[in-house]
Amino acid sequence: MKGFIQTIQNIWSIKELKDKLLVTILLLLVYRFGSHIPLPGVDINEVNRFVADQENANSGILGLLNSFTGGSFKRASVFALGIMPYISASIVVQLMGLAVPYIQKLQKEGESGRNKVNQITRWLTIGICLVQAPAYLTLVTSQILPYDPASSYAIYVIPPTNFWFWFPSTIILITGTIFAMWMGEKITDKGIGNGISILIMVGILADLPKAIFNAFEVDPSNGIFFLIEMLGLILVIAMCIMIVAAVRKVPVQYVRRAQTSSSSYMRSVTDSVRSYIPLKVNAAGVMPIIFAQAIMFLPGTLANYFLDEGSPIKAFFAKMADPFTWEYNLIFGLLIIIFTYFYTAITIPVNQMAEDLKRNGGIIPGIRPGKETANFLDEILSKITLPGAILLTLLAVLPAIVKLLGVEQSLAMFFGGTSMLIMVGVILDTVQQINTYLLNHRYDGLMSSGRTSRDI
């Protein structure tokens, strides 16, 4: 504890680091404050009373979106769409980079190219918001906060059938996403860590204290089971750290040639420098889970609009949209394994890595430069991706397993899945950046070893 307090003092003694942390904290407070500001014409007190009575507010795709926005989604807040349209736009632009020559060219042009790609991503974000904002308002007024003039919940001051509810609400939702995107970029530039990821993490963490309290409130007399739940949560966090930080080091030797001269002769000296390529066991990160979830929820969403209420096909798709059924988790797990290999293949350019090594005089001992090196890296990546995909799948289906064991649903969502991986990944990245500042000023970091990777 004394060492931790000393580390905090070291952090605040570095002016640049302290300023970055203060900027980050200030913008996060603004984001959290905005998540409690309702859309015009919505009575927030009635919304809170209504949501407290709804058990389905934290289930399925709605619960996932709500967790990413820190509760803004179900409260009809000005930040209800959160940062997710920007994430969607980023994914689309990244995939376009594989097929569109113009995007590929921009990605290779350095800083100027990255700025143009970022500008394309921002415009695409606005385009996605123009579609999602009306869709969200339709969802709110029909399912999340249904409008019923005869209801005891006077949620809407302005009826949602009125033009003066829809038009300003649509503009405000789009503006809220753009403002959240701006705050995320400012945190990245002026603060500490990746701003967009930190905004998502803070939204997820906002529901954790309430989930823990709800789990204890279910049966306060059974303290032993609650302690087992907390111990299990700690073990899941440790598992997430292992998945996020585990790497396979591929040894690399760089040949360096220097020349020495004297009055009578010149002589060439060859030296070698040893290094390694860190290949992540889970190079795809959380993206396979996000892709798999999008596919799993799409059929159920379409079935709600196009199939009759009593249709057996609609009942089947309803099961496929419930993350706590065995049918859902079986197909979900298979999709995660497939997408892990797919996303790893498109994000880890082994051919380019091999060419870069050859150009810089680097060789893998026992492997010829060029195509043989690319094949060797691809083979290693294929071998380590399988255990990574299996662990990622286990983590994704763990919430359904622990719910069957009696864990309260809102807390079960934190036993793995997208939420836990995002939290662990963002925290490790932020801690690593803080460590870099401390070590540059000759202070001990937040981790005694100064490392955030696990070698296997």
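Here's what I pulled together on the structure shown here. (Residues numbered from 1 in each chain as written. Predicted model: local features only at pLDDT ≥ 70, side-chain atom pairs only at ≥ 80, totals over all residues. Heavy atoms only, no water.)

**Focus: the packing of helix α11 (residues 223–245) against helix α16 (residues 371–404)**
Consideration 1: One can describe the packing of α11 onto α16 by two numbers: an axis separation of 11 Å at closest approach and a directional angle of 150°. Judged by the inter-axis angle, α11 sits roughly antiparallel to α16. Relative to α16, α11 is oriented so that their crossing is left-handed. On α16, the residues touching Val236, Met239, Cys240, Met242 and Ile243 of α11 are Leu391, Leu392, Leu394, Leu395 and Leu398. (Axes fitted to C-alpha atoms, helices over the stretch in contact; angles between N-to-C directions. Helix = DSSP H or I, 4+ residues; strand = E, 2+ residues; numbered from the N terminus. Parallel < 35°, antiparallel > 145°, perpendicular 65-115°, else oblique. Left-handed = near helix turned anticlockwise from the far one by under 90°. Contact = heavy atoms within 4.5 Å.)

**Looking at the side chain of Thr121**
Consideration 1: In this fold, Thr121 is placed in helix α7 (residues 110–144).
Consideration 2: In this structure the side chain of Thr121 is engaged in a polar contact, spanning 2.8 Å, whose partner is the backbone oxygen of Val117.
Consideration 3: Setting aside anything within four residues of it in sequence, one finds Thr121 in contact with Tyr86, Ala89, Ser90 and Val93. (Polar contact = N/O pair within 3.5 Å; in protein donor to acceptor, adjacent residues only side chain to side chain.)

**As for helix α15 (residues 350–359)**
Residues spaced three or four apart along an α-helix point in a common direction, a consequence of the helix completing one turn every 3.6 residues.
Consideration 1: Of the positions making up α15, those classed as buried are Val350, Met353, Ala354 and Leu357. Considered in projection along α15, the buried side chains sweep an arc of 100° and stay on one side of the axis. Exposed residues pointing more than 90 degrees away from the buried face of α15 are listed as Asn351 and Arg359. (Buried < 20%, exposed > 50% of the residue type's maximum accessible area, 1.4 Å probe, protein only. Arc of directions from axis to C-beta.)

**Some words on the layout of surface pockets**
Consideration 1: Put simply, the second largest pocket is a space of about 1500 Å³.
Consideration 2: For the second largest pocket, the lining is made up of 40 residues, of which Asn194, Ser197, Val286, Met287 and Val426 are closest to its centre.
Consideration 3: Listing elements by their share of the lining of the second largest pocket, those giving two or more residues are α5 (84–99), α7, α8 (163–190), α9 (195–205), α11, α12 (287–306) and α18 (417–440).
Consideration 4: Taken together, the residues of the lining of the second largest pocket break down into 21 nonpolar, 14 polar and 5 charged.
Consideration 5: The residues that make up the lining of the second largest pocket include at least three from each of domain 1 (1–191) and domain 2 (218–255 + 273–443). (1 Å grid on protein atoms, 1.4 Å probe; cavity = no way out; pocket = protein on both sides within 12 Å on 5 of 7 lines; lining within 4 Å. Points joined across faces, edges and corners; volume = space filled by probe spheres on them. Nonpolar A, V, L, I, M, F, W, Y, C, P; charged D, E, K, R; others polar. Domains from an automatic or database assignment.)

**Examining the packing of aromatic side chains**
Consideration 1: Overall, the coordinates contain 6 aromatic pairs when judged by the stated rule.
Consideration 2: Taking the centre distance of 6.1 Å and the plane angle of 20° together, the rings of Phe79 and Phe179 count as stacked. Linking Phe79 in the loop between α4 (60–68) and α5 with Phe179 in helix α8, this pair joins segments that are 100 residues apart in sequence.
Consideration 3: Note on Phe79: relative accessible area 5%, which makes it buried.
Consideration 4: Assessed through its relative accessible area of 35%, Phe179 is described here as partly exposed.
Consideration 5: Residues Phe163 and Trp164 carry aromatic rings whose centres are separated by 5.1 Å and whose planes lie at 80° to one another, so their mutual orientation is edge-to-face. (Phe/Tyr/Trp six-rings, centres within 6.5 Å; stacked < 30°, edge-to-face > 60°.)

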